[in-house]
Amino acid sequence: MAEAVKVAVRVRPFNSRERARDAKLIIGMNGNTTTIKDPDAPNDEPKKFTFDFSYWSHDSYKENAEGYLAPTAKHYADQKMVFEDLGRGILANAWQGYNCSLFAYGQTGSGKSYSIVGYGPNKGVVPLFCEQMFVGIDKEKAGGTKTEFEVTFSMLEIYNEQVRDLLNPASNKKGEIGRASCRERV
């Protein structure tokens, strides 16, 4: 049976503008609970929210020689942890033949692209998912399967109530939505 919807939140490190303004951290995470403190009322009880996953990625990491942001503390959520918690389930559902979706929501600069796509050696959920999907297809083919595989992928952005096709920007002018497609016949 396919998984139900999972909801995760992730706190990112301060960017250079936030550091220059001496921003105060008002987010806390403990397990799957995220807390938000009112900076104008520091003695008030923080607001608590519970999600399937609350990912702490604000600090407690070090860039290794390959450029990967590796955890220096157990509570740090690196790209691999996010993939294992969210991407593995999507991958399992895809292998069962279900259509799968991953939805990222947040304001500009909140870290959506980093979590979903990543950069350099810090691959996000989508590239890790694709790698594992094709590793699985290669394994099936090496095992002699006669199964035909078809992988179809779309990546859309909704911004200011406009839908943009991120894989085929030229189609955006015509109002079309395209998709990347890969077919393998065995």
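Residues numbered from 1 in each chain as written. Predicted model: local features only at pLDDT ≥ 70, side-chain atom pairs only at ≥ 80, totals over all residues. Heavy atoms only, no water.

**Overview of the sheet that holds strand β3 (residues 33-36)**
Part 1: One open sheet holds the three strands; their spatial order is β2-β3-β4, and the pairing between them is antiparallel. At either end of the open sheet lies a strand with only one pairing partner, and these are β2 (27-30) and β4 (47-50). Strand-to-strand, the axes of this sheet are offset by a mean angle of 25 degrees, without reference to chain direction.
Part 2: Strand direction decides the pairing type here: β2 and β3, joined by four bridges, are antiparallel. Among the inter-strand pairings, N30 is bridged to a residue of β3, identified as T33. (Pairing = 2+ DSSP bridges. Helix = DSSP H or I, 4+ residues; strand = E, 2+ residues; numbered from the N terminus. Axes fitted to C-alpha atoms, helices over the stretch in contact; angles between N-to-C directions.)

**A look at the environment of Y119**
Part 1: Assignment of secondary structure puts Y119 in strand β8 (residues 118-119).
Part 2: Spatially, the C-alpha atom of Y119 lies 9.8 Å from that of G67, the residues being 52 residues apart in sequence.

**Quick notes on helix α2 (residues 79-95)**
Part 1: The sharpest bend along α2 reaches about 40 degrees and sits at G87.
Part 2: Inspection of α2 places Q79, V82, F83, L86, G87, G89, I90, L91 and N93 among the buried residues, and these make up the whole buried set.
Part 3: Where α2 is buried, its residues contact β1 (8-11), β5 (53-56), α3 (112-116), β8, β9 (122-123) and α4 (125-142).
Part 4: Looking one or two places after α2, you find G97, whose phi comes out positive at around 95 degrees. (Bend = angle between axes of the 7 residues up to and from the residue. Buried < 20%, exposed > 50% of the residue type's maximum accessible area, 1.4 Å probe, protein only. Contact = heavy atoms within 4.5 Å.)

**Describing the packing of aromatic side chains**
Part 1: Using the criterion set out here, one finds four aromatic pairs in the structure.
Part 2: With a centroid separation of 5.6 Å and an interplanar angle of 5 degrees, the aromatic rings of F53 and Y55 are classed as stacked.
Part 3: Geometrically, the ring pair formed by W95 and F149 is edge-to-face, given 5.9 Å between the ring centres and 80 degrees between the ring planes. Of this pair, W95 sits in helix α2 while F149 sits in strand β10 (residues 149-153), placing them 54 residues apart in sequence.
Part 4: Here the guanidinium or amino end of K80 rests over the ring plane of Y68, the centre of that ring lying 4.7 Å away. (Phe/Tyr/Trp six-rings, centres within 6.5 Å; stacked < 30°, edge-to-face > 60°. Lys NZ or Arg CZ within 6 Å of the ring centre and 35° of its normal.)

What is shown is where atoms sit, not what they do.
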